[in-house]
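# Coordinates in review
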Amino acid sequence: MLDMNNLRKEKHEDLCKILDLVLVVVFAVFFILSLFPYYSVAEGDLISSRGYGDGTQLNAKGKPIEVEAKEDDSWSLLGYVGFPYNHSSVEHWQADLYKDNKSTIKKNDENGYKGLVWGTLGMLGVERTVKDKKGNETKEPYQDLAIPGITTKTVSIKQVGAILFLDVFALVGIALLLLKKGIGRALFGIIWGVIGVLAFQFNYLLNMGTTFVKPVMMVLTIVVLVVSVVDFVFYFIDGRSRAAYLRSISAAYA
């Protein structure tokens, strides 16, 4: 009778274990860095994220977008998530940029581009037919925002949520890698890495980083993605090899 607990060792099994340990270390370092100073600004400095606020980009009126810090401020990622209202520099930056989008947001709402679904469809070029009080139908295209993604006067849960997701699921990833087995852990790393890369590309809070922590965390996110892809491929190859081996054993017993 075949002992399922005593199968032959596959070609990449040891390598997969090494890659799993690498992921554990990278996830742990990523989480620890969330406790280090991520952002620091002095009174009078320009606050910027993704180029908005430092005067290098223009608003809808063609004027440079500049946001000046009214006081000294600094925070770590987890520190900001825990006490967002202690950091007025971010509030001022968000409020100032929202002013440039406010009228456009109101117009889009009046034209029916409200909420996540229609807002997204509008950005993709889908036009909505709107009826006025007299029953007349008109089609108005979605108006692009001067500062993409800034739709609220205060920092939205979408911005904070990205930080929480990456940190919480970094810990979840460590637990999975240490306690579970199989290809699913590599798939988890791929999903985490893809979301992480997108977050560092588009999330305004993550792009506010002014210390060494930001580029290091960005590199770690890419490392997780690359290592997880390689890990997944090797797990998949070994899985196919093991399946073929079991089929041959089953045929021998038949």
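Reference entry: report on the structure contained in this document. (Residues numbered from 1 in each chain as written. Predicted model: local features only at pLDDT ≥ 70, side-chain atom pairs only at ≥ 80, totals over all residues. Heavy atoms only, no water.)

This next bit is on the overall build of the chain. In terms of helices and strands, the chain carries seven helices and six strands. Counting from the amino terminus, helix and strand elements in the chain follow one another as α-β-β-β-β-α-α-α-β-β-α-α-α. Looking at the 254 residues of the chain, the share that counts as buried comes to 37%. Accessible area for the chain stands at about 14,900 Å²; split by element, carbon and sulfur atoms hold 62% of it. (Helix = DSSP H or I, 4+ residues; strand = E, 2+ residues; numbered from the N terminus. Buried < 20%, exposed > 50% of the residue type's maximum accessible area, 1.4 Å probe, protein only. Areas by Shrake-Rupley, 256 points an atom, 1.4 Å probe, with all protein chains shown as cover.)

This paragraph deals with the environment of Phe232. Mapped onto the fold, Phe232 is located in helix α7 (residues 213-253). By relative accessible area, Phe232 is classed as partly exposed at 27%. For Phe232 and Gly189, which are 43 residues apart along the polypeptide, the C-alpha to C-alpha distance reads 9.1 Å. Here Phe232 is in contact with Ile183, Ala186, Leu187 and Ile190, once residues within four sequence places are set aside. (Contact = heavy atoms within 4.5 Å.)

Among the surface-exposed residues, Ile32, Leu35, Phe36, Phe212 and Val216 lie close enough to one another that they form a single nonpolar patch of about 470 Å² accessible area. With respect to the helices and strands, the residue Val216 is situated in helix α7. (Patch = residues over 30% accessible without salt bridge, like charges linked within 9 Å, V, L, I, M, F, W, Y side chains within 5 Å. Salt bridge = Lys/Arg side-chain N within 4 Å of Asp/Glu carboxyl O.)

Bringing the pattern of salt bridges into the picture now. Where side chains of opposite charge bring their charged atoms close, a pairing between them can arise. Taken as a whole, this structure holds two salt bridges when the rule is applied. Measuring nitrogen to oxygen at the nearest pair gives 2.7 Å for the salt bridge that ties Asp20 to Arg185. Within this pair, whereas Asp20 is found in helix α1 (residues 13-33), its partner Arg185 is found in helix α6 (residues 184-202), the two being separated by 165 residues in sequence. Grouping residues by exposure puts Asp20 and Arg185 together as buried.

On to the nonpolar core, then. In this structure, Phe27, Trp75 and Trp93 are the most contacted members of the largest nonpolar core, which totals 53 residues. When residues of this core are traced back to their parent elements, those giving at least two are α1, β1 (39-41), α2 (77-82), α3 (88-110), α5 (157-179), α6 and α7. Per-element accounting of this core gives the leading share, eight residues, to α1. Apart from the residues within four sequence positions on either side, Trp75 is in contact with Pro37, Tyr38, Tyr39, Tyr80, His87, Val90, Leu205 and Met208. (Core = buried A, V, L, I, M, F, W, Y, C linked by side-chain atoms within 4.5 Å.)

If you check α1, its first and last C-alpha atoms are 31 Å apart, about what 21 residues at 1.5 Å a residue would give, namely 30 Å. Inspection of α1 places Cys16, Leu19, Asp20, Leu23, Val24, Val26, Phe27, Phe30 and Leu33 among the buried residues, and these make up the whole buried set. (Expected span 1.5 Å × (residues − 1).)

Now for the side chain of Asn111. The residue Asn111 is located in the loop between α3 and α4 (115-123) in this model. Apart from the residues within four sequence positions on either side, Asn111 is in contact with Arg128, Val130 and Glu140.

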